[in-house]
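Descriptive structure summary
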Amino acid sequence: MDTDLYDEFGNYIGPELDSDDDDDELGRESKDLDELEDDDDDDDMGDHDEDHPGMEVVLHEDKKYYPTAEEVYGPEVETIVQEEDTQPLTEPIIKPVKTKKFSLMEQTLPVTVYEMDFLADLMDNSELIRNVTLCGHLHHGKTCFVDCLIEQTHPEIRKRYDQDLCYTDILFTEQERGVGIKSTPVTIVLPDTKGKSFLFNIIDTPGDSPFCVVSFSDEVTAGLHISDGVVLFTDAAEGVMLNTERLIKHAVQERLAVTVCINKIDRLILELKLPPTDAYYKLRHIVDEVNGLISMYSTDENLVLSPLLGNVCFSSSQYSICFTLGSFAKIYADTYGDINYQEFAKRLWGDIYFNPKTRKFTKKAPTSSSQRSFVEFILEPLYKILAQVVGDVDTTLPRTLDELGIHLTNEELKLNIRPLLRLVCKKFFGEFTGFVDMCVQHIPSPKVGAKTKIEHTYTGGVDSDLGEAMSECDPDGPLMCHTTKMYSTDDGVQFHAFGRVLSGTIHAGQPALAAGAPALPARAGNFPRQRLFPGNGGCARPDPDPRPLPSGWNFPRCQQWPFVGCGVPRGRAHPGCGAGKLRPAGTRNRSRGQRVLGSPSLARVHRGSAPGRAEGANTPICGGHQQ
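Here we summarise the structure given alongside this text.

The rules behind the values
Residues numbered from 1 in each chain as written. Predicted model: local features only at pLDDT ≥ 70, side-chain atom pairs only at ≥ 80, totals over all residues. Heavy atoms only, no water. Helix = DSSP H or I, 4+ residues; strand = E, 2+ residues; numbered from the N terminus. Buried < 20%, exposed > 50% of the residue type's maximum accessible area, 1.4 Å probe, protein only. Contact = heavy atoms within 4.5 Å. Areas by Shrake-Rupley, 256 points an atom, 1.4 Å probe, with all protein chains shown as cover. Phe/Tyr/Trp six-rings, centres within 6.5 Å; stacked < 30°, edge-to-face > 60°. Lys NZ or Arg CZ within 6 Å of the ring centre and 35° of its normal. Core = buried A, V, L, I, M, F, W, Y, C linked by side-chain atoms within 4.5 Å. Salt bridge = Lys/Arg side-chain N within 4 Å of Asp/Glu carboxyl O. Pairing = 2+ DSSP bridges. Axes fitted to C-alpha atoms, helices over the stretch in contact; angles between N-to-C directions. Expected span 1.5 Å × (residues − 1). Patch = residues over 30% accessible without salt bridge, like charges linked within 9 Å, V, L, I, M, F, W, Y side chains within 5 Å. Lys, Arg positive; Asp, Glu negative; His and termini not counted. Charge placed at Lys NZ, Arg CZ, Asp CG, Glu CD.

Description of the overall build of the protein
Scanning the protein from N- to C-terminus turns up 18 helices and 19 strands. Split into buried and exposed, the 627 residues of the protein put 49% on the buried side. In the protein, the share of contacts with a sequence separation of at least 24, taken over all contacts with a separation of at least 6, comes to 70%. Summed over its atoms, the accessible surface of the protein is roughly 32,500 Å², and 50% of this surface lies on carbon and sulfur atoms.

This is the structure:
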């Protein structure tokens, strides 16, 4: 270190030095030169990399280990990418397609007490067919009554002790709510008192109440339009209700045969605990009230209901009781013999008394304590049977059952009161032959009632060839079907038509013409040629018999026999679903001024039809030619 340039304290005392700004400028110039050299080096490296691809340096986040989903599956495939823990491992990313079901169906053919060939043979004779609609107020026992008929004809189907069977309530919503929503048809074979079998097409309609938010009157209307008679159910305790009056008026307007079933007579004994005489007055009051309503709405003086005429029956669906005066008299004839039960039945109603001394029936009471014949021969035995079962079962019931010829096992005697009472009444009254006698005698067959039905529902010429074929219920005439309702499949994807064959014969796979909606323009494309198929219904058999259905036959969705219809995809209009009247082709709807389309021999259902449908949509069978 030069000591001359510094003093004793280390301070610089030499000549002046250059400033720091000059040093900074020199530093910048050297830095720029270094950067230019680096750029030249990078260009040289780039040229070198182009000569050798794949050797470049790639950051970790820019590396690509696997191909993308678009590269693997293509741009037209939609892919779903989810990160970890966004979905549980037990749940698949793409769920399998599940078929929704809205109703119950029989998976196998139910076992019946008769052969299916016998049922098919009955179809050929329209005189042995009865088309009946069961209607009544809400909770008056229509569905339970059908359950008794199902148990009678199906040995493997039995009611549980703790709940009702409700065999015709096939929708899940009906079972959850405990009330019928849709009318359900059932076809069964039932014997009468003489053992003669008849084919019954029974339509179980839902009840209605003025307090219900939703009205089910359209379901009843659909059943009445294809039936020949009505069985009006009335609760013995509640009597005639508001909806009962509506149904009487509706049935009279449809010109149908009306019969009455006074149901739940057990309530008079077990709930109201009325004496037998008061119970008789209650039953007679119901019959008189129904007759008063019929005379109000009908001009036919011959339309009178009376147990003496056989068009009134008494029943208790809960305990499997059903009888008329004739069927109860038949029990006496079978027990004691040498009794003309038909003449005996004529003396079991009204102010008629039995004199035990002369053993004759008189209109005047022989003593002040004498009971009417209905009370003495029908109500008092019924009261005694119920009292014996409900009362002391262990001591007096076995002796009483032996006198009646009813034999029960020890296990059956140990049952609870309700199932035991049902079992005893079922063995005592037997099959519902009284109900069959009432329907056979007072509801016309399809052939007998065809003329009245066509005159009321068909607005075309009854004297025409088509009208005469329908009036005569001719199985060899042109095919004419009247559809009144649509039933969806169990998955709710398609609809099946429900109706009645007015003339001709339907064959499975037969092509037919279906009329379109009235709002569509008149062109040939509105009438697609449909192919009929045998379908399965809510209580349906899985393998329907493809044999033809003759005229007079309802092709219902039943558990016994297939119906015939055309599929209608869900979401499309299905004209013909309404329960309106038949109109001939070429006429106009007076209420709407719309022309009914079709060939001269086609007819359609105009009421309840949808205003339009998608082009090419399938429509149910409403009418057509026999091919």
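Now that the structure is up, let's keep going.
Remarks on the packing of aromatic side chains
Taken as a whole and judged by the stated rule, the model has 25 aromatic pairs. Ring centres of Phe323 and Phe328 lie 5.2 Å apart, and the angle between their planes is 70°; this geometry places the pair in the edge-to-face category. Across the pair, Phe328 and Phe323 agree in class, each one buried. A ring pair is formed by Trp349 and Phe374, whose centres lie 4.9 Å apart and whose planes are at 85°; its orientation type is edge-to-face. Placement of Trp349 in the loop between α11 (341-345) and β8 (353-355) and of Phe374 in helix α12 (residues 373-390) is noted, with a sequence separation of 25 residues between them. In this arrangement the basic side chain of Lys330 is found over the ring face of Tyr341, its NZ or CZ atom lying 5.8 Å from the centre. It is Lys485 that lies over the ring of Tyr487; its NZ or CZ is 5.2 Å from the centre.

Here we look at the nonpolar core
Side chains that are nonpolar tend, in soluble globular proteins, to be buried together. Ile262, Ile265, Leu283, Phe314, Phe374 and Phe429 are the most contacted members of the largest nonpolar core, which has 66 residues in total. Among the elements that line this core, the one with the most residues is α12, at 10 residues. Formed by 36 residues, the second largest nonpolar core is a distinct cluster that contains Leu134, Val189, Leu199 and Phe435.

Some details on the pattern of salt bridges
Where charged atoms from two side chains of opposite charge approach closely, those side chains can pair. Evaluated as defined, the whole model comprises 18 salt bridges. A salt bridge links Asp334 to Lys330; the nearest nitrogen and oxygen atoms lie 3.0 Å apart. With Asp334 and Lys330 both in helix α10 (residues 325-336) and 4 residues apart, this pair spans about one turn of that helix. Between Arg372 and Asp351 there is a salt bridge, and its shortest N-O distance comes to 2.7 Å. In this pair, Arg372 is assigned in the loop between β9 (360-362) and α12 and Asp351 in the loop between α11 and β8, connecting sequence segments 21 residues apart. What makes Arg372 buried here is its relative accessible area of 14%. What emerges from the salt-bridge pattern is a single network uniting Asp235, Glu238, Lys264, Arg267 and Glu271.

Section: the sheet that holds strand β2 (residues 184-191)
Spatial ordering of the open sheet is given by β2-β3-β1-β4-β5-β6-β7, a layout of 7 strands whose pairing is mixed. In this open sheet, the two edge strands, each paired with only one partner strand, are β2 and β7 (321-323). Pairwise comparison of adjacent strand axes, ignoring direction, gives a mean angle of 25° for this sheet. For strand β1 (residues 129-136) and strand β3 (residues 197-204), the ladder comprises 6 bridges, and the chain directions are parallel. In the strand pairing of β3, Ile129 is matched with Leu199.

Details of helix α7 (residues 242-253)
Between its first and last C-alpha atoms α7 spans 17 Å; for 12 residues at 1.5 Å apiece the expected length is 16 Å, and the two agree. Three or more residues of α7 are buried, namely Asn243, Thr244, Leu247, Ile248, His250, Ala251 and Val252. Residues of α7 that are buried sit in contact with β1, α6 (217-224), β4 (229-235), β5 (257-263) and α9 (276-297). Arg255 sits one or two residues past α7 and shows a positive phi near 60°.

A look at a negative patch on the surface
Together, Asp463, Asp465, Glu468 and Glu472 make up a negatively charged patch on the protein surface. Relative to the assigned elements, Glu468 resides in helix α18 (residues 465-471). For Glu468, a relative accessible area of 38% corresponds to the partly exposed category.

Here's the deal with the side chain of Thr234
Here Thr234 shows up in strand β4. Given the relative accessible area of 0%, Thr234 is considered buried. When neighbours within four sequence positions are excluded, Thr234 is seen to be in contact with His140, Gly239, Val240, Thr244, Val260, Cys261, Ile262, Asn263 and Ile286.

Topic: the pairing of strand β6 (residues 312-316)
Counting buried residues along β6, 5 of its 5 residues qualify, which places the element largely inside the surrounding structure. Relative to β6, β5 runs parallel, the two sharing 3 bridges. Within β6, the residue paired with Val260 across the bridge is Val312. Two strands pair when backbone bridges link them, and β6 and β7 are joined in this way by 3 bridges, in the antiparallel orientation. Each bridged residue has a counterpart across the sheet, and for Ser315 the counterpart in β7 is Cys322. The turn linking β6 back onto β7 is made up of 4 residues, and Ser320 within it adopts a positive phi angle of 55°.

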